[in-house]
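Next come the chains, spelled out residue by residue.
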Amino acid sequence: ETPKVFIFDLPDRGNLYQMDGTPILHPNTQIMSPLHKLIFVPPKDAFSDIGQPYTEFSYFVTDPNKTMVYDTEYDTGRVTIYIDAVNDSPTAISSRTSVPSGFNHSSTLYLVG
């Protein structure tokens, strides 16, 4: 049998999900994917300060033949997440303007991003 892996503490920013999309809302939640994979989703436009972690969380591993324990009978690990800032590409907002012949008109293109 493979070891059981549990989330020990949650990240203070962002959200963890099981691979099937189920949110991990509480410490001591077992990671259910066969390879113990998770999904981390930061808030939109989140990034780390230069050289600083964005957030961290811990997990622990137990013997597959034991129930969950809360003492030194498990191995722990820590995941540190860094998020690089990126400059999002601007997006043009489509609009159409019509002006009668012979009139002067100026238009402004707004870029969002």
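Residues numbered from 1 in each chain as written. Predicted model: local features only at pLDDT ≥ 70, side-chain atom pairs only at ≥ 80, totals over all residues. Heavy atoms only, no water.

Trainee: I'd like to hear about the packing of aromatic side chains, residue by residue, with values.
Mentor: The full count for this structure, using the stated rule, is two aromatic pairs. Taking the centre distance of 5.2 Å and the plane angle of 15 degrees together, the rings of Phe-6 and Phe-60 count as stacked. Of this pair, Phe-6 sits in strand 1 (residues 4-9) while Phe-60 sits in strand 5 (residues 55-62); the two residues are 54 residues apart in sequence, bridging distant segments of the chain. Owing to a relative accessible area of 6%, Phe-6 belongs among the buried residues under this scheme. (Phe/Tyr/Trp six-rings, centres within 6.5 Å; stacked < 30°, edge-to-face > 60°. Helix = DSSP H or I, 4+ residues; strand = E, 2+ residues; numbered from the N terminus. Buried < 20%, exposed > 50% of the residue type's maximum accessible area, 1.4 Å probe, protein only.)

Trainee: Which residues make up the sheet that holds strand 4 (residues 39-41), and what values go with them?
Mentor: Strand order in the open sheet formed by three strands is 3-2-4, and the pairing between neighbours is antiparallel. Every interior strand has two partners, whereas the edge strands, strand 3 (23-24) and strand 4, have only one. Pairing between strand 2 (residues 15-17) and strand 3: two bridges, direction antiparallel. Across the sheet, residue Tyr-17 finds its bridge partner in strand 3, namely Pro-23. (Pairing = 2+ DSSP bridges.)

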